[in-house]
Amino acid sequence: MSVDPRESHQPRSPQGSRIDPYVGAYAARAAGMVASEVRALFAVASRPEIVSLAGGMPNVSALPMEEIGDIVRRVLAERGAMALQYGSAQGDPVLREQICDVMSLEGITASADDVIVTVGSQQALDLVTRVFVDPGDVVLAEAPTYVTAINTFAAFQADIVHVPMDEDGVLPEALEERITALAAAGRRVKFFYTVPNFQNPAGVTMNAERRGRVLEICRRHNLLVLEDNPYGLLRYEGEPLPALRAEAPDNVIYLGSFSKTLSPGFRIGWALAPSSVRAKLVLAAESAMLSHSSFNQMVVGAYLASHPWREQVKGFNEMYRERRDAMLAALEAMMPAGTTWTRPAGGFFVWATLPEGLDAKSMLPRAVSQRVAYVPGTGFYATDDGHRNMRLSFCYPTPEQIREGVRRLVGVIEAETKLRDTFGTASPPPTPGGDAPGPDLP
Ligand code: PMP
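Source: prediction; values computed, not measured.

Trainee: Just to check I follow, could you spell out the site of the ligand for this structure?
Mentor: Surrounding the ligand, one finds 14 residues, the nearest of these being Ser-121, Asp-228, Tyr-231, Ser-257 and Ser-259. Contact distances for the ligand include 2.6 Å between a nitrogen atom and a side-chain N or O atom of Asp-228. Arg-267 is positioned with one of its side-chain polar atoms (N or O) 2.9 Å from an oxygen atom of the ligand. Protein chains bury 97% of the 400 Å² of accessible surface belonging to the ligand in isolation. Examining the composition of the shell around the ligand, we find that three residues originate from one element, helix 4 (residues 120-132), more than from any other.

Printed below as a string of structure tokens:
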């Protein structure tokens, strides 16, 4: 008789989750694939009574749904046999040309041959890491940095070394110092990962002078730059800055995405890479997923061809600007002394720093009980840093909800401050949350 080890009568661990019968069989790299300990709280945070400043979901309800419906019908009627067929692992050539037009808005001149379509830019992060990183190799990344990039690098057993940032982006001296120290220690550094525009989670943008210096340093040390730019076109003030890739085509792999300028539901992103690297990425993509969704690519291509998408992005920017302004004004008006935060010129995120002695992760259960959620800063570091930080997203809630969310958050911070002043310490850390359904952490 064969017994399915996954049946429900299995023993349970003390935490109540099932004991994994395959625990001894996993590859070493699976050890780096762990759920965040605040996951359970995020499952609660998606309840309607909670103002979530946690998730980074674009507000897709602002899209022209009827028109997208017409485009879907047209693609099926006119190109159905191709749209429902396998395609290539590099992606639809027509869409790749259109992607070059999109990138030209940030100063990039590129050939469609060097573009590879990916399943969101997330897959591009995975493919680049797969192609470059052996266990123990170093990946340099800003501190803090995008949580799912950390997870990807960790899944390939990279050693993530952070480089500090300030309001103008990464500190070039610190980057050079890290590269030199790692070389002296005989470590192999594979690339420097950066989100130069409206960074996730810090909201800051690398200024023009720093872009030049970062490129000069990386070039001198023969170090590849991985430029991840999903938010670049979502600018609410000031002048756009040229992409790093625009200045250094041979030293940069550039990642883009339609997730924020159109919709994450199509899962269309891309990588633009020097030709030799691009060929490797295509082979890696082929083994990961054989071919892309021809249908999704054609729908996005038809949308770009027939819809005034630049106007659509402008409309998004007006909506997000209003939300950013609501958040910054509410923080300015209500936050207690000793709390600081960044002032993003675009994107989705504000990065706040709590007064001394407070811990954003420990404070989260109280925040959720007060019906407000955020992402504690610790998730955005590969090290044990970020305890006093939190990421506040303004992309999804309305301005009204944002004001209410900040009001609740201020109450929580004040209560924690009182606790600290009375007992010398604020709330203890939350207990690990097991494998509850994941938060929306993009
Ligand atoms: N990079 C960054 C910095 C992000 O914030 C995100 C998601 N929000 C991604 C990559 C992945 O986005 P997608 O796969 O939807 O293109």
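Trainee: Help me understand the sheet that holds strand 3 (residues 138-143) in this model?
Mentor: Strand pairing in a sheet is mediated by backbone hydrogen bonds. Such pairs are either parallel or antiparallel. Taken in spatial order, the eight strands line up as 2-9-8-7-6-3-4-5 in an open sheet, and their pairing is mixed. Strands at the two margins of the open sheet, each flanked by one partner only, are strand 2 (115-119) and strand 5 (169-170). Two strands pair when backbone bridges link them, and strand 8 (residues 252-257) and strand 9 (residues 268-272) are joined in this way by four bridges, in the antiparallel orientation. Opposite Tyr-254, over in strand 9, you have Leu-272 as the bridge partner. The strands touched by helix 4 within the sheet are strand 2, strand 6 (189-194), strand 7 (224-228), strand 8 and strand 9, with strand 2 carrying the most contacts at an inclination of about 110 degrees.

Trainee: I keep staring at the environment of Pro-274 and nothing clicks. Help me out?
Mentor: Within the fold, Pro-274 resides in the loop between strand 9 and helix 9 (275-289). By relative accessible area, Pro-274 is classed as buried at 16%. The sequence separation of Pro-274 and Gly-136 amounts to 138 residues, and the corresponding C-alpha distance is 25 Å. Once residues lying within four places of it in the same chain are set aside, the contact partners of Pro-274 are Pro-249, Asp-250, Val-252 and Ile-253.

Trainee: I would appreciate a short explanation of the domain arrangement of the chain in the present structure.
Mentor: Much of the literature gives interface size as the accessible area that the parts lose upon coming together. Parsing the chain into structural domains produces domain 1 (37-62 + 311-423) and domain 2 (85-306). Relative placement of domain 1 and domain 2: their C-alpha centres are 26 Å apart. Taken residue by residue, the interface counts 28 residues in domain 1 and 28 residues in domain 2. Buried surface at the junction of domain 1 and domain 2, both sides included, amounts to about 2300 Å², of which 63% is carbon and sulfur. Looking only at domain 1, the three residues that lose the most surface to domain 2 are Ala-345, Phe-349 and Phe-380, adding up to 23% of its buried area. Inspection of the region where domain 1 meets domain 2 yields one salt bridge. A salt bridge links Arg-324 to Glu-237; the shortest N-O distance between them is 2.8 Å. Scanning the region where domain 1 abuts domain 2 turns up twelve residue pairs in polar contact (both at pLDDT 80 or more). Mapped by element, the contributors of at least two residues to the side of domain 1 that touches domain 2 are helix 11 (309-334) and strand 11 (349-353). Examining the composition of the side of domain 1 that touches domain 2, we find that seven residues originate from one element, helix 11, more than from any other. When its residues are assigned to classes, the side of domain 1 that touches domain 2 shows 16 nonpolar, eight polar and four charged.

Trainee: When you look at the nonpolar core in this model, what are you seeing that I'm missing?
Mentor: Phe-258 and Leu-392 are the most contacted members of the largest nonpolar core, which totals 104 residues. The biggest single contributor to this core is helix 11, with ten residues. Looking at which domains feed residues into this core, each of domain 1 (37-62 + 311-423) and domain 2 (85-306) supplies at least three. Those residues in contact with Phe-258 that sit more than four places away from it in its chain are Leu-95, Ile-99, Val-102, Ser-263, Ile-268, Trp-270, Val-300 and Leu-304.

Trainee: Where do I start with the side chain of Arg-324 in this structure?
Mentor: With respect to the secondary-structure elements, Arg-324 resides in helix 11. At a separation of 2.9 Å, a polar atom in the side chain of Arg-324 contacts the main-chain carbonyl oxygen of Pro-344. Leaving out residues up to four positions away in the same chain, Arg-324 has contacts with Tyr-236, Glu-237, Pro-344, Ala-345 and Phe-394.

Trainee: Explain helix 12 (residues 360-369) to me, please; I cannot follow it from the model alone.
Mentor: An α-helical turn contains 3.6 residues, so any two residues separated by three or four positions project in the same direction. Counting buried residues in helix 12 gives seven out of ten residues, a clear majority hidden from the surface. All of the buried residues along helix 12 are Ala-360, Lys-361, Ser-362, Met-363, Leu-364, Ala-367 and Val-368. Measuring from the side-chain oxygen of the N-cap residue of helix 12 to the backbone nitrogen of Lys-361 gives 2.9 Å; that N-cap residue is Asp-359. Arg-371 sits one or two residues past helix 12 and shows a positive phi near 65 degrees.

Procedures and definitions
Residues numbered from 1 in each chain as written. Predicted model: local features only at pLDDT ≥ 70, side-chain atom pairs only at ≥ 80, totals over all residues. Heavy atoms only, no water. Near = heavy atom within 4 Å. Polar contact = N/O pair within 3.5 Å; in protein donor to acceptor, adjacent residues only side chain to side chain. Areas by Shrake-Rupley, 256 points an atom, 1.4 Å probe, with all protein chains shown as cover. Helix = DSSP H or I, 4+ residues; strand = E, 2+ residues; numbered from the N terminus. Pairing = 2+ DSSP bridges. Contact = heavy atoms within 4.5 Å. Axes fitted to C-alpha atoms, helices over the stretch in contact; angles between N-to-C directions. Buried < 20%, exposed > 50% of the residue type's maximum accessible area, 1.4 Å probe, protein only. Domains from an automatic or database assignment. Buried area = accessible area lost by both parts, 1.4 Å probe. Salt bridge = Lys/Arg side-chain N within 4 Å of Asp/Glu carboxyl O. Nonpolar A, V, L, I, M, F, W, Y, C, P; charged D, E, K, R; others polar. Core = buried A, V, L, I, M, F, W, Y, C linked by side-chain atoms within 4.5 Å.

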